[in-house]
Structures are given as structure tokens and as C-alpha cells.
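Observations on chain architecture
The residues making up each chain are set out below.
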Amino acid sequence: MSLLNTGLTGILSNQKALETTSNNITNANTPGYSRQRADFESNPSQVSGSGYIGQGVNVVDIQRLNDEFINTQLRSDTTLHSEQTALVENLNGMDDLLGNENTGLNQSLTQFFGTLQDAAESPASGSLRAQALNQADNLVSRFKSVDSQLRAREETVNDRISANLSEINSLADGIAELNLSIAESPGRASGLDANDLLDKRDEKLRKLSELVQVQTNENNDGTVDVSIGKGQGVVSKGTSATLRLSGSTEQAGRREVLLQGVGRDRAITHELAGGALGGNLSFRDEVLEPTMNGIGRIAVGLSERINEQHELGQDLNGNLGGNFFRDINSESLARGRITPSAETAESGNSQARVNITDSSKLDTRSYTLEFTGPDDQQYRIRDATSGELVKTGSISDSGPSTISMEGFEVELESGDFEQGDEFTIRPTFNGARDMETAIGSGEEIALAAPIRAEASSGNQGTGQISQGRMLDVRNPQTGRRLEALDQNGNLDPPMEIRFLSENRYEVVDVSDPANPKSLDPPMNNVRFEPGKTNTVFNGDPGARVVTASEPQGVGPQVGTDNGYTGQTLNIRVRNPETGVVSTQPALNISANESAQSIAEKLNGRSGVQATAYTETKLSNLSGNDAEIAISVKDDSGTQTANLGPIDGPLTADSLKQAMQGNSDFASLNLDVRTSGDDGNSVKLRSNTGADIQVQLKSSGDSLEVEKPNAYESGTVGGAQTLGAAGEEATVGGYVDTTLADGVRLTANNDGVFNEAPSSEPAYKGFQFELSGNPKAGDSFRLETNEGGTSDNRNGLALGDLNAKNYLDDGNFSFTDAYGSVVEDVGSRTRTAQVDKEAAGTLKEQSQKQWEEQSGVNLDEEAGKLVQFQNAYSASSQVVSVARDLFNTLLGTFN
């Protein structure tokens, strides 16, 4: 019987082997099928007197020929290839769209600035103005066209992402179901694998790897846990997660990949990578959105710079130029730059906006604003694409708050901002879409400048003045309109530069030419360097002029002291970059110290500029053969000139003649002018700020020593009458102090300066340039540019904007910035194509390894089929022999 059993085991085992081989052959084209093998094992031998006799064979296992290491490598290479394939598919055409002169921006930018320059060359030409406006409209249309095509690509890629997520959900569900089937398979308890189920699960994992990066972890019960991207779990044994895309095409803001959970869904976009989903996300967030941000940045920067320059000009109707393009910080545009997540929008009532503060500081990133806790005030701002932390801080728990960023600020205006709230900030994303032309006719193009200057026809020197350059109509620090120009663009007040000497001038208000008065704040003793170019008016938007109270209020003093009290000044400087405030060493002013000395001390301090001068008027002159001593007193001592006896009656002319003929008086360096409507007074001026002392030395004569009010021309700050021999009066000077931006001055008492002195802005928003060698008495009129139809100064400035680097912190012009966008897209396209080819090669190699390990080789299987068939026949022959022997044995007993 053992021979029969042995033969039967051979028949049965080879039959299983034939079935396995047949199954391999029929599934040779089944995706994911792993070749199987029947594993033979000898049955235990039976001992006999002659030794151990074999008992045949047994198939102990149908082995699935599969290597998990190769599976993992294949999934990894599949993921990479699918990612690059999706990226290339999305990038195709982007380069042509942006780089083609018929569809890109370069040609439109060049034509726009070209027509502005043409109009500037003939500013009175209505047709050239119309061409410039028409080209502006064409440029806006081009921006919108490019933006529209990019938005269509954004919608397409979002549809692809949504389809990817649906496939991932379906595969995750299928893997979870197969996990349960594998764990519950009948042979599992005996250690036998359900090969077909394993193949199906591996195939779903491979398909999943085409969509996203996959990692697996096998459990003891045969199930696998699956995570995707950077470790986000989607399958745990028999349970699967669900992914979805936030928002809809009708909603603003970036659409994020959400993992559905209990309560609030969680955004996991940053945790996903690889596969078609990774490629689509990479294209959308790392290529498409930065491209749209880059083009939007050009539109925002161009609008801001053109508007800023245009409002400095004057149009053909004599009005100040307003916005050329739409205001980049209009309410609707500012609110459109920040959008709440769907969950935040559903649960909150917050109101916010994003204002552009400086387009040159903007980059091409989008941001995520998150309120992180532990309370509702703490926030953090991240790069929306990379997740990099950009800024953290806290907002006020009551009232509006502002978060300042490079180039923009976030205004949290009203409503409740709570822990868990999230907002997307895209400062430039909508810039191209929202661009509009704001003027309606060519006449409104402000090609002229609103100011001009004219030298007096009676000037004796060779001084020359420029026509003036506009800097701002609004203070760039506060945004408030500057007062030097009224709403109609008129210079308010009209001014005149008057030279007091060859190296000193004053600027006065000539609203009433017959009664000029000091400006507010004053410019009464400005230093001029002959032969050089001198700039008139301060160019620092934060500069302030401090009023020195005591020199203004203290009149001529009896005796040799000027009457000024001692004082200690404290000067604090705030660093504009860091905001750190530092205090300079105390500045001590002695009692009766001259204005000249005070100014010199102030000029020795950082951020402080001071000038000093002294004026006095000698009036009500009376007497004959008078003797008068005039002295100048400063820290170096006192210099005196004795005048007289002055022949004849004491008059302005006789006094002035005595001064002109006295060499000692000439060494005092005092300017002398006849003053007064009746011509019977003499004005003396020290341009250094030294004290001026006047002493009456003769009897029977008299005069009055006046100190004019520096801020109100024609008024008197105080007077002393000298009517007896030996009487004298001292006049102290004035100190005009300008503090640079961030510099503040305080005092320990109300002496020369008040303890907290008031100040006025020194910045007027325009400047003129003086050069040459003016003479004392020369003057220059500064006025509104009425009838300036042929003036093209602002037009030239507008046309030159394209040649200047305003974007990317001064690194790019507008055309350079666009070229950078095009170059970046082209570079990404070429890189993706190369990476796709390399990834394809790696995938082919991994696929070949898998085929060698797990694939069905039909030639090999055909050979095995013959092998097992022969073995089956031979085993049948063994059974036949056993039967014959048995029959022979039976015949022996018959």
C-alpha cells in the first residue's frame, strides 16, 4: 500500500503545481499579480528492517513570490515619476503664455512708458496725451488677460487636486476593506497568506503611490497602516480617513486639502508630497501662485509708483494730478487681500484688511495668519507654501490692532479674533485682476510740475535757481496731506528767497508782497555756500523745527547781558531701523550765553541742525553830534566800534554813514539796512547770532533799541529807550533748530527752549536748488506754475519710472521683475522635464526588478508546465504499477 500512497501523493502534489502554474499563466497580464510557486516537501519516511522508506511528497505552501523592499522602491519611484509628470503637464504652455510678446507684458510695458515719454516731449499735444491714455488702457487689459489665463489654470489644477483626493479616498477605502478580508481569511490562523488579497492590496498601494507619497507599516494580523505625504495617516487596519478640498471656485482665497475629523477639519496641505497630488499642489502653490503674486506685484508696484509720481504733477487744466491708476488701498482691494478659512468664516464675525505700505518691500509669497493661543491674542504668520514661521506676536484685547509686515500691514478692524481662527493673506495675488485706469481723458495726465521759480530782474549777482522738484504731496510717514500746496495745487503761501548777504538768505511769505512775513516755521538765516549747489527746503519727511521760546520772548536788556537763563537740554534719538531710543549726553546752556554759542553746541549733536542770527532796530533817533558805541559779544569776547561825534542831527542816514566810514564797525560783520516807512531807523543784523550791544555815550540825545519779532514781520518783540549818557542795551539772538526724523529735544526748565518744546514739520514736499554767487539784496520768487501747459517736468519723471529699480527692495525695474517671473517659470519647466526623464528611468528600473521577482515569465511557466505534467504522468505510472502488483497478489490466492 505504501507504493500506492507514494504515487498518489505525487499525483496530488504535481496536480497542485500544475494548477499553480496554470494560474500564473492565465494571470500573466493581470495588473499587480505576483507569480506563485508550489513549495514541495517530502513526507516523513517510515522505518523498516531495511532502513527508512520514503512516503512520497506534499505541497506545504503556495508561495507568493514578492519582495516588500522592491515593492517599496517601486512605489517610491512611481511617486516621483507621477509627481514630475503632473508638474510638467501643468507647466506646459506657461512659458509660452508669459514669454510670447503677443501674450506677455513686456511689449505693453514698453509701449506704455514710450507713449508717456512722447507726451512729455509735447505736453500741450492733445493727441499724444490721448495715445498715452489709450496705451494705459491697453496695459491694464494685458495685465487682466494674463491674470485671467493664469486663473483658468488655477481652476483646472484645483479640479485635478479634487479628483486626486477622490481617488485617494476610494483607494484608502479599498485598502481598509482588504485589510479586514486579509485579517479574517481562513488560512490566516494557520500561517497561510491569502495571496490574491495581498496582490490586490499591493496593487491599490501602487496606484495610491501614483497619487501621493506612501508609507506602510504591517501589523501582526496582516493588516497594514498607510500614511501619505509627510506621515499623515489615511488607513489604520480596517478604518480609512477622508480628504477633501476646502472652499469652492466661487470663494476667494487658497483652497486647502482638509482631513475630515470630529469637529473642525484640519488643513494638511503642507503635509502632502509626491505623486500626481504632490505635483499638482507643487505647481499650484510653488509655481502658479508665486507667478500670479509676481505679476500682481508688478501691477501693484506700477500703480503705486505711477500714482505717487502723477499726484506730484499738474494736469492741462491746472489741477493737481490725482491717481492715474486705481488706488491700491481702496477699501474693496484691501479687504480682498485677506480671507478667512471656511471654518473661521462660519463661526466668526471678524473684519480685516491688508494695506500696501511700500510695494518695493513686497515679495511674491502668500501667508497664513493663525491665532494659536493659549488665549485669543497670540498669533503667528507663516509662509503659506513652505509653512516657514515668519512672525509671532499678540494683538490688543480691546479695539483694532495692526500687524506690520515688510511692505504691508494687516489691520484687524473689528469683530472677534479667537484661538483657532485662520486667515490667508495674499498681498499681491489680485493685483493684476484689480488694476484699473483712474483718469478719463488725456487732459487729466499731469505732465507739468505745480511749482516754479523766477529770479528777480534786478538781481546783481550770478545766482541761479532751478524750477523746483516735487517730492510728495502727502507726508510719506503719516499719509497726511502736506500744507505747502492747497487742494487746487497752488503754492500756499507764495514765497520769496531773499539774500541777506552773499552767504545768508531768508525765505519769507509774500502772500502780501507789500508786507512780507516770516514763514511758519521760520527760515530766517539759512546758510548759503557760494559757487556750490545749495538745496532749499528740508528733504527729511520726519524733520521738525523746534521753536526756541526765550530768544523770542526776551527783549533788549538793560546792561551787557542778553537776559537768557541757563538750561540743560536732553536729546533723544530713535533708530529708524530698530526703534531703539538712545540719549545723548546732556547739553548745558549757560545764563546769558549767545545764540551763536547755543547753535554751535546744538550743531555738535547728531541729528540736529541749528542756525543763529541777531537782529535789532535803532529807531526814534534824536539829537545832534551824538556818540554811540556798537558792540558784538560772543564767547570769544566783545568787539566795539565807537561812532561819533556824528555831525549834525542824528538820523538814519547820518548813523548809517558813520557806520560805513568806521573800520572798527566793519570788523563787527554786521549787515546794515535803513528801515521804517519814514526811513528814520537802522536795522542791524548779525548772521552768526552774536549779541548786539548799543550804548549811548553822549548827553541830550536818544534812541530806541528794538528787537523785532522773528515770527511776525513788522511787530516788535521788545524795546529799550536810551536817553542818557552811559545807558546801554543788549539784544540776544534767535536760534532756529531743525531735528532730524526720530530726534527729540526736551529741557529741564522753560528757558531758551520750553521743557517740552512745540515743533512744526520742516518738510514741505518740494525742493529747489540755488547755485552761483548771489549778492545781498538778490531775490527769487517761488510760486504756483500757472499756465504751465508747456511744462513737462512731471511727464519726464513719469516716463523715467520704468528705467528705475523700484521692486524687490530696489533690485528690479518693472520689466526686470517681469523678466524674472518668466525666467523662473522657464527654469522650473526645464528642470521638471529633466527630472521627469530621470524619474522615468528610475521607475523603469524598479519595474524591471519587480518583474524579475514577481512577474510571470510565460516561457518559464511553459517549461514548468511540461515538468509538472511529466512528474504527474510518472506518478500515475507508479500508481499503475502498484495496482498491477496488487492484482497479482490477489491472483495468487484465487
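Summarised in this report is the structure supplied together with it. (Residues numbered from 1 in each chain as written. Predicted model: local features only at pLDDT ≥ 70, side-chain atom pairs only at ≥ 80, totals over all residues. Heavy atoms only, no water.)

1. Some details on the overall build of the chain
- Across its full length, the chain carries 16 helices and 45 strands.
- The C-alpha radius of gyration of the chain comes to 46 Å, more than 25% above the 29 Å expected for a compact globule of 894 residues.
- The principal-axis extents of the C-alpha atoms in the chain amount to approximately 190 × 60 × 45 Å.
- Per-residue burial for the chain yields a buried fraction of 47% across its 894 residues.
- Across the chain, every contact between residues at least 6 apart in sequence was considered, and the portion connecting residues at least 24 apart equals 70%. (Helix = DSSP H or I, 4+ residues; strand = E, 2+ residues; numbered from the N terminus. Rg over C-alpha atoms; globule rule 2.2 N^0.38 Å. Buried < 20%, exposed > 50% of the residue type's maximum accessible area, 1.4 Å probe, protein only. Contact = heavy atoms within 4.5 Å.)

2. Regarding the pattern of salt bridges
- Per the counting criterion, the structure on display carries 36 salt bridges.
- Note that arginine 335 and glutamate 331 form a salt bridge whose closest N and O atoms lie 3.1 Å from each other. Residue arginine 335 and its partner glutamate 331 are located together in helix α8 (residues 331-335), separated by 4 residues, close to a single helical turn.
- Given a relative accessible area of 24%, arginine 335 falls into the partly exposed group.
- A salt bridge links lysine 361 to aspartate 809, with the shortest nitrogen-to-oxygen separation between them at 2.8 Å. (Salt bridge = Lys/Arg side-chain N within 4 Å of Asp/Glu carboxyl O.)

3. Notes on the sheet that holds strand β11 (residues 266-267)
- The 3 strands are arranged β9-β10-β11 in an open sheet whose pairing can be described as antiparallel. Bordering the open sheet on either side are β9 (243-245) and β11, each of which pairs with just one other strand.
- Sheet topology note: the β9/strand β10 (residues 257-259) ladder contains 3 bridges and is antiparallel. Opposite leucine 243, over in β10, you have leucine 259 as the bridge partner.
- Sitting on the sheet, helix α5 (residues 126-183) touches β9 and β10, and the angle it makes with β9 is about 165°. (Pairing = 2+ DSSP bridges. Axes fitted to C-alpha atoms, helices over the stretch in contact; angles between N-to-C directions.)

4. Brief notes about the nonpolar core
- The biggest cluster of nonpolar side chains holds 50 residues, and the ones touching the most others in it are Leu98, Phe112, Phe113, Phe143, Ile295, Leu302 and Ile306.
- Elements with a minimum of two residues in this core: α2 (68-91), α3 (94-99), α4 (106-121), α5, α7 (275-310) and α15 (814-854).
- Formed by 28 residues, the second largest nonpolar core is a distinct cluster that contains Ile168, Leu171, Leu245 and Leu259. (Core = buried A, V, L, I, M, F, W, Y, C linked by side-chain atoms within 4.5 Å.)

5. Considerations on α4
- Its 16 residues place the ends of α4 23 Å apart at the C-alpha level, agreeing with the 22 Å of an ideal helix rising 1.5 Å per residue.
- Every buried residue belonging to α4 is among Ser108, Leu109, Phe112, Phe113, Thr115, Leu116, Ala119 and Ala120, and all of these are buried. Mapping the buried residues of α4 onto a view down its axis gives an arc of 155°, with all of them on the same face.
- In this structure, the buried residues of α4 make contact with α5, α7, α14 (793-799) and α15. (Expected span 1.5 Å × (residues − 1). Arc of directions from axis to C-beta.)

6. Topic: a nonpolar patch on the surface
- A cluster of nonpolar side chains, contributed by Phe886, Leu889, Leu890 and Phe893, occupies part of the molecular surface with about 440 Å² of accessible area.
- Structurally, the position occupied by leucine 890 is in helix α16 (residues 858-892).
- A relative accessible area of 42% means that leucine 890 is categorised as partly exposed. (Patch = residues over 30% accessible without salt bridge, like charges linked within 9 Å, V, L, I, M, F, W, Y side chains within 5 Å. Areas by Shrake-Rupley, 256 points an atom, 1.4 Å probe, with all protein chains shown as cover.)

7. Side note on the packing of aromatic side chains
- Summed over the entire model, instances satisfying the criterion amount to 18 aromatic pairs.
- A ring pair is formed by phenylalanine 417 and phenylalanine 423, whose centres lie 5.9 Å apart and whose planes are at 50°; its orientation type is tilted.
- Classification of phenylalanine 417 by relative accessible area gives buried; the value is 10%.
- In textbook terms, an aromatic cluster arises when at least three aromatic residues are bridged by ring pairs, as seen for Phe112, Phe113, Phe324, Phe325, Tyr806 and Phe814.
- Over the ring of tyrosine 806 we find arginine 305; its NZ or CZ atom is 4.2 Å from the centre of that ring.
- Lying over the aromatic face of tyrosine 734, lysine 707 brings its terminal NZ or CZ to 5.0 Å of the ring centre. (Phe/Tyr/Trp six-rings, centres within 6.5 Å; stacked < 30°, edge-to-face > 60°. Lys NZ or Arg CZ within 6 Å of the ring centre and 35° of its normal.)

8. Things to note about the sheet that holds strand β7 (residues 232-236)
- The antiparallel open sheet is built from 4 strands, whose spatial order is β5-β6-β7-β8. Strands at the two margins of the open sheet, each flanked by one partner only, are β5 (214-218) and β8 (239-240).
- Bridge count between β5 and strand β6 (residues 224-228): 5 bridges; the pairing is antiparallel. Its bridge partner being in β6, threonine 216 is matched across the sheet by valine 226.

9. What to know about unusual backbone geometry
- In this model, aspartate 492 is joined to proline 493 through a cis peptide bond whose omega is 5°.
- Assignment of secondary structure puts proline 493 in the loop between β22 (469-470) and β23 (495-501).
- Cis geometry is found at the peptide bond from glycine 644 to proline 645, where omega equals 0°.
- Inspection of the secondary structure puts proline 645 in the loop between β34 (637-643) and α12 (652-660).

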